Amino acid sequence: MASPILVGERVRLRPVEEADAARRRRHGWHRAIQRNYGDERPDGPMSTAEAMDWLAGIRAQDSSTFWAVEVEDDLAGVAFLHHVDEVDRRARYAVGMFHPAFMGRGLGLEATRLVLDHAFNGIGLHRVDLRVLAFNTAAMASYQRAGFVIEGRERDSCRLEGTWHDDVVMAILEDEFRTQHSR
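Residues numbered from 1 in each chain as written. Predicted model: local features only at pLDDT ≥ 70, side-chain atom pairs only at ≥ 80, totals over all residues. Heavy atoms only, no water.

With that settled, consider the overall build of the protein chain. A count of helical and extended segments in the protein chain gives 6 helices and 8 strands. Mapped in sequence order, the helices and strands of the protein chain form the string β-β-α-α-α-β-β-β-α-β-α-β-β-α. In terms of overall dimensions, the protein chain is globule-like: its C-alpha atoms have a radius of gyration of 16 Å, near the 16 Å expected for 183 residues. In terms of principal-axis extent, the alpha carbons of the protein chain reach across some 45 × 35 × 30 Å. Looking at the protein chain as a whole, 47% of its 183 residues qualify as buried. Long-range pairs, those at least 24 residues apart, make up 60% of the contacts in the protein chain between residues at least 6 apart in sequence. (Helix = DSSP H or I, 4+ residues; strand = E, 2+ residues; numbered from the N terminus. Rg over C-alpha atoms; globule rule 2.2 N^0.38 Å. Buried < 20%, exposed > 50% of the residue type's maximum accessible area, 1.4 Å probe, protein only. Contact = heavy atoms within 4.5 Å.)

Take a look at the structure:
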């Protein structure tokens, strides 16, 4: 699906482009961030091949809408709607930042609100859900500030560093979003 440009106060969401592979590579890998995605990758640089694989992975997702999260002319992360079901008017959401400098500043929350506005007011979805690892309490708090409600847990859904972790299932419905944004 085409990714429209969405602009907030500090965040600009735009389609991912070829030059983003080099931008992504520049930020490298950060264990603490990757762990939140269920990845055991250590801190370190990202190779050109890894960056190109990252870009190819995004381009292969033809049923998803991906955005580059741009902050101060830098690629801060990505946001995307995937598993879009036009019949049931639902999709799954994900957002992720690439470097610790972009964390804890409300940038993911702003990106989330922009995507939710597009999901409910732009393409007419009824429901957007997500899954977040239960130990990622900062992300859960951000999603709750955006209006997501905890619906349940998927037990032992991710094995990380030899330990099983639960996914927390969260969702927001169109009427909840509209109520929250009519204030």
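Moving on from the model shown.
What follows concerns the pattern of salt bridges. Inspection of the entire model under this criterion finds 22 salt bridges. Between Glu17 and Arg14 there is a salt bridge, with its nearest N and O atoms 3.7 Å apart. Using a relative accessible area of 34% as the deciding quantity, one classes Glu17 as partly exposed. In this structure Arg14 comes out as buried when scored by relative accessible area, which is 4%. Across the pair Glu70 and Arg14 runs a salt bridge, and its minimum N-O distance is 2.8 Å. Of this pair, Glu70 sits in strand β3 (residues 65–71) while Arg14 sits in strand β2 (residues 12–14), and the two are 56 residues apart along the sequence. Salt bridges here are not isolated pairs; linked through shared partners, they connect Arg12, Arg14, Glu17, Asp20, Arg23 and Glu70. (Salt bridge = Lys/Arg side-chain N within 4 Å of Asp/Glu carboxyl O.)

This brings us to the environment of Val78. Secondary-structure assignment places Val78 in strand β4 (residues 74–85). The exposure class assigned to Val78 is buried, which follows from its relative accessible area of 9%. When the C-alpha atoms of Val78 and Ala91 are compared, they prove to be 16 Å apart, with 13 residues separating the residues in sequence. With residues near it in sequence (within four places) discarded, Val78 still touches Trp54, Ile58, Trp67, Val69, Ala94, Val95, Gly96 and Phe98.

Counting 36 residues, the largest nonpolar core has Leu13, Val69, Tyr93, Val128, Tyr143 and Phe148 as the members making the most contacts within it. At the level of secondary structure, the elements contributing two or more residues to this core comprise β3, β4, β5 (90–97), α4 (107–122), β6 (127–133), α5 (137–145) and β8 (163–173). Considering every element that reaches this core, the biggest residue donor is α4, with 8 residues. In this structure Phe148 touches Tyr93, Thr112, Leu116, Val128, Asp129, Leu130, Tyr143, Met170, Ala171 and Ile172, once residues within four positions along its chain are discounted. Core analysis: the second largest hydrophobic core is formed by 15 residues, Val16, Trp29, Leu75 and Phe98 among them. (Core = buried A, V, L, I, M, F, W, Y, C linked by side-chain atoms within 4.5 Å.)

In this section: the packing of α4 against helix α6 (residues 174–181). Running from N to C, α4 and α6 point in directions that differ by 120 degrees, and their axes come no closer than 10 Å. Of the possible angle classes, the one that applies to α4 and α6 is oblique. For the element pair α4 and α6, the recorded crossing hand is left-handed. Facing Arg113, Leu116, Asp117, Phe120 and Asn121 of α4, the residues of α6 in contact are Glu174, Phe177, Arg178 and His181. By residue class, the composition of the contact of α4 with α6 is 3 nonpolar, 2 polar and 4 charged. (Axes fitted to C-alpha atoms, helices over the stretch in contact; angles between N-to-C directions. Parallel < 35°, antiparallel > 145°, perpendicular 65-115°, else oblique. Left-handed = near helix turned anticlockwise from the far one by under 90°. Nonpolar A, V, L, I, M, F, W, Y, C, P; charged D, E, K, R; others polar.)

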